[in-house]
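Residue-level structure breakdown
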Amino acid sequence: MSVTSVDKDLDTLTLTLIADFAAPVERVWRLWADPRQLERWWGPPAYPATVEEHDLTPGGEVTYFMTGPEGDRYRGWWRITSVSEPTALEFTDGFADDGGKPKDDMPTMSVTVRLSARDGGTRIEMRSLFGSREQMEQMVSMGMEEGLKEAVGQIDALLAA
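Residues numbered from 1 in each chain as written. Predicted model: local features only at pLDDT ≥ 70, side-chain atom pairs only at ≥ 80, totals over all residues. Heavy atoms only, no water.

Of regular secondary structure, the protein chain possesses five helices and eight strands. Start at the N end of the protein chain and walk to the C end: the helices and strands fall as β-β-α-α-β-β-β-β-β-β-α-α-α. Considering only C-alpha atoms, the protein chain reaches an extent of 45 × 35 × 30 Å along its principal axes. Taken across its 161 residues, the protein chain has 43% of its residues classed as buried. A fraction of 45% describes how many contacts in the protein chain between residues 6 or more apart in sequence connect residues 24 or more apart. Between the mean site of the 16 positive side-chain charges and the mean site of the 28 negative ones, the protein chain shows a separation of 2 Å. (Helix = DSSP H or I, 4+ residues; strand = E, 2+ residues; numbered from the N terminus. Buried < 20%, exposed > 50% of the residue type's maximum accessible area, 1.4 Å probe, protein only. Contact = heavy atoms within 4.5 Å. Lys, Arg positive; Asp, Glu negative; His and termini not counted. Charge placed at Lys NZ, Arg CZ, Asp CG, Glu CD.)

For the coordinates displayed, the defined rule picks out 11 salt bridges. When the shortest N-O distance is used, the salt bridge between Asp 20 and Arg 118 registers 3.9 Å. Placement of the pair is Asp 20 in strand β2 (residues 14-21) and Arg 118 in strand β7 (residues 109-118), with a sequence separation of 98 residues. Look at Asp 20 and you get partly exposed, because its relative accessible area is 21%. Among the salt bridges present, the one from Asp 20 reaches Arg 123, with a minimum N-O distance of 2.8 Å. Separated by 103 residues along the polypeptide, Asp 20 in strand β2 and Arg 123 in strand β8 (residues 121-130) bring together distant segments of the chain. One network of salt bridges, in which partners are shared, links Asp 20, Arg 118, Asp 119 and Arg 123. (Salt bridge = Lys/Arg side-chain N within 4 Å of Asp/Glu carboxyl O.)

This paragraph deals with the pairing of β2. Taking burial as the measure, the eight residues of β2 include seven buried ones, the bulk of the element. Pairing of strand β1 (residues 3-9) with β2 involves six bridges; the strand directions are antiparallel. By the bridge assignment, Val 6 is partnered in β2 with Leu 17. Linking β1 to β2, which pair antiparallel, is a turn of four residues; within it Leu 13 sits at a positive phi near 60°. Looking at chain direction, β2 and β8 are connected through eight bridges and run antiparallel. Within β8, the position partnered with Phe 21 by the bridge is Thr 122. (Pairing = 2+ DSSP bridges.)

Read from one edge to the other, the open sheet built from eight strands follows the order β1-β2-β8-β7-β6-β5-β4-β3, with strand pairing classed as antiparallel. Whereas interior strands pair on both sides, the edge strands pair on one side only; in this sheet they are β1 and β3 (49-54). Across the sheet, the axes of successive neighbouring strands diverge by a mean angle of 20°, strand direction being ignored. Relative to β7, strand β6 (residues 88-96) runs antiparallel, the two being bridged by six bridges. Pairing of Phe 91 across the sheet is with Val 111, part of β7. Those strands touched by helix α1 (residues 25-33) are β2, β3, β5 (73-84), β6, β7 and β8, and its axis lies near 155° from that of β7. Strands β1, β2, β7 and β8 of the sheet are contacted by helix α4 (residues 144-152), whose axis makes an angle of about 20° with β2. (Axes fitted to C-alpha atoms, helices over the stretch in contact; angles between N-to-C directions.)

Another point: the packing of aromatic side chains. Taken as a whole and assessed by the stated rule, the structure comprises eight aromatic pairs. Measuring from ring centre to ring centre gives 6.2 Å for Trp 42 and Tyr 64, while their planes differ by 85°; the resulting arrangement is edge-to-face. Of this pair, Trp 42 sits in the loop between α2 (35-38) and β3 while Tyr 64 sits in strand β4 (residues 61-67); the two residues are 22 residues apart in sequence, bridging distant segments of the chain. A residue is classified by how much of its surface remains accessible, and Trp 42, at 10% relative accessible area, is buried. Where Trp 42 meets Trp 78, the ring centres are 4.9 Å apart and the plane angle is 85°; that geometry is what we call edge-to-face. Highlighted residues: Trp 42 in the loop between α2 and β3 and Trp 78 in strand β5, separated in sequence by 36 residues. The residues Trp 42 and Trp 78 share a single accessibility class, namely buried. Among the aromatic residues, ring-to-ring pairing joins Trp 32, Trp 41, Trp 42, Tyr 64, Trp 78 and Phe 91 into one connected group. (Phe/Tyr/Trp six-rings, centres within 6.5 Å; stacked < 30°, edge-to-face > 60°.)

Right under this line is the structure:
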């Protein structure tokens, strides 16, 4: 697995994942930019994603759902705030109800993704910033840390294909 670290910092309300891949930055960027590639790794292996809308431009949205082993669906959305292809992406990440409407009773996170050339490959740094300690603790208790590691852990196989 290429995930090298996951750091939870309750003082700064951040969860930061770092992963290294043996592929150029432009190739790793396509895993975010192409909805068919994104859905092959966004979400843990037991909860594959289906991307419904994919607009990676500032003000655009990405909407998706993950399907669990029992057929249950969990919807999510991103609101894109900044894109600097092929090295940076920023978005707000949240949950949605069955109709795709954002769930006000669930936390949202500000996510910053940075891709940089490193040792002939690419490093991804993905930092999630939470609105409060309670929101961060809620997401960690829901399995966000493990789910993120499992999701990003699927990227190596996609890059090798």
